[in-house]
Amino acid sequence: GSWIMKSSLIAPIGYTLICKPSTQIDLQNGSMILARSGVRFVGNEDEKIVVTSTDKSGRGITVIGQKLDTVLFEWVSFSNLSHAQIGNWKLSGAVNCHNSTVRFNYSYFGKNLAGDDFVNVTNSPFELENSLFENVLSDAFDGDFTVGIIRHVEFKNIGNDALDFSGSKVKIEQASLLKVGDKGISVGENSSVIGESITIDSTEIGITCKDLSHGIFRNVTITNSGIGAVVFQKKEEFGPGNLELTQIEMNSVEIPYLIEKGSSIYVNESKVLGDRTN
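Residues numbered from 1 in each chain as written. Predicted model: local features only at pLDDT ≥ 70, side-chain atom pairs only at ≥ 80, totals over all residues. Heavy atoms only, no water.

This next bit is on the overall build of the chain. From N to C terminus, the chain includes zero helices and 24 strands. Taking 19 Å as the expected radius of gyration for a compact globule of 278 residues, we find that the chain reaches 19 Å, a close match to that expectation. Taken along its principal axes, the extent of the C-alpha atoms in the chain is 60 × 35 × 30 Å. The proportion of buried residues among the 278 residues of the chain is 51%. Across the chain, the fraction of contacts at a sequence separation of at least 24, relative to all contacts at a separation of at least 6, is 47%. (Helix = DSSP H or I, 4+ residues; strand = E, 2+ residues; numbered from the N terminus. Rg over C-alpha atoms; globule rule 2.2 N^0.38 Å. Buried < 20%, exposed > 50% of the residue type's maximum accessible area, 1.4 Å probe, protein only. Contact = heavy atoms within 4.5 Å.)

Take Gly-167: it is sitting in the loop between strand E18 (163-166) and strand E19 (169-188). Classification of Gly-167 as partly exposed rests on a relative accessible area of 27%. Residues Gly-167 and Asn-123, spaced 44 residues apart in sequence, show a C-alpha to C-alpha distance of 9.6 Å. Residue contacts for Gly-167: discarding those within four places in its chain leaves Phe-145, Thr-146, Gly-188, Glu-189, Asn-190 and Ser-191.

Looking now at the packing of aromatic side chains. Inspection of every chain in the model, using the stated rule, returns ten aromatic pairs. Ring geometry for Phe-104 against Phe-109: centres 5.7 Å apart, planes inclined by 75°, an arrangement best described as edge-to-face. For the residue pair Phe-104 and Phe-109, the accessibility class agrees, reading buried in each case. Between the aromatic rings of Phe-133 and Phe-155, the centroid separation amounts to 5.0 Å while the plane-to-plane angle is 15°, which identifies the pairing as stacked. Of this pair, Phe-133 sits in strand E15 (residues 126-136) while Phe-155 is found in strand E17 (residues 147-158), placing the two residues 22 residues apart along the sequence. Phe-155 matches Phe-133 in its accessibility class, with the two residues each being buried. Three or more aromatic residues joined by ring pairs form one cluster here, namely Phe-41, Phe-73, Phe-78, Phe-104, Phe-109, Phe-118, Phe-133 and Phe-155. (Phe/Tyr/Trp six-rings, centres within 6.5 Å; stacked < 30°, edge-to-face > 60°.)

With that out of the way, let us pick up the environment of Lys-171. By secondary structure assignment, the location of Lys-171 is in strand E19. At 3.2 Å, the side chain of Lys-171 forms a polar contact with the side chain of Glu-173. (Polar contact = N/O pair within 3.5 Å; in protein donor to acceptor, adjacent residues only side chain to side chain.)

The side chains of a regular strand alternate between the sheet's two faces. Bridge analysis of strand E22 (residues 242-259) against strand E23 (residues 264-267) gives four bridges, and the strand direction is parallel. Residue pairing across strands places Leu-245 opposite Val-267, the latter belonging to E23. Note: E23 against strand E24 (residues 270-272), three bridges, orientation antiparallel. Among the inter-strand pairings, Ile-265 is bridged to a residue of E24, identified as Val-272. In textbook terms, the turn of a hairpin is the stretch between consecutive antiparallel strands, and for E23 and E24 this stretch comprises two residues, one of which, Asn-268, has a positive phi near 50°. (Pairing = 2+ DSSP bridges.)

Another point: a nonpolar patch on the surface. On the surface, Ile-10, Ile-86 and Trp-89 cluster together into a nonpolar patch covering about 270 Å² of accessible area. Within the secondary structure, Trp-89 is located in strand E11 (residues 89-90). (Patch = residues over 30% accessible without salt bridge, like charges linked within 9 Å, V, L, I, M, F, W, Y side chains within 5 Å. Areas by Shrake-Rupley, 256 points an atom, 1.4 Å probe, with all protein chains shown as cover. Salt bridge = Lys/Arg side-chain N within 4 Å of Asp/Glu carboxyl O.)

Written out as structure tokens, the structure reads:
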């Protein structure tokens, strides 16, 4: 059915929070959903689940699991939401998953109103498939200390980074990134990312690999962007970045490669030397 929530819903440890097709959830008065175990929101193509906030005060949904509880969002639309917050406690995303096994499939993420990320997945193996992010205020998807796979996902009109990884191992298969305010894909803090069949259009920076991270990308097209690929060390406790690019095409890119000394980019197995400092 249709639900208006004017106070936060907290599902305690030991309970699975279930949401069925055609459910409409309107988070008002600064309310949020907080689940301490499993979550199962499963709609279908004709009966999607909607999580929104008509008064633009809703704080989204956060899952803090116990020993990798299962979280499933399928055919769910998230919009008009802000980052999670109860009193002085707050998180970066409007959708947060911690210590869980997470799957997003056929889901929509649009028009968030506040927060550093729309989706933040931490210490949680994940799958993100067949989904769309658009009109996102800052970062679209942020993965921290996790492993996962991203397939058939689109990003349109993203304020900051489309994909941002720290301490993670991720595989990307078929992704489209259009109009990204900062980095299309950011690989940082000892992360490893393998990507294939990716189009990046109208970004400030196409791909960044930094701080002891390693990126391997094949069949990538970057167009109408400021910088194609950047590798460097930002934090002194880590090290240089390394990037391997095969079958990469750049059109209307102002600076194809920006490489700091000590870091490296291989283009079709040929090393491009770094000449920048700091």
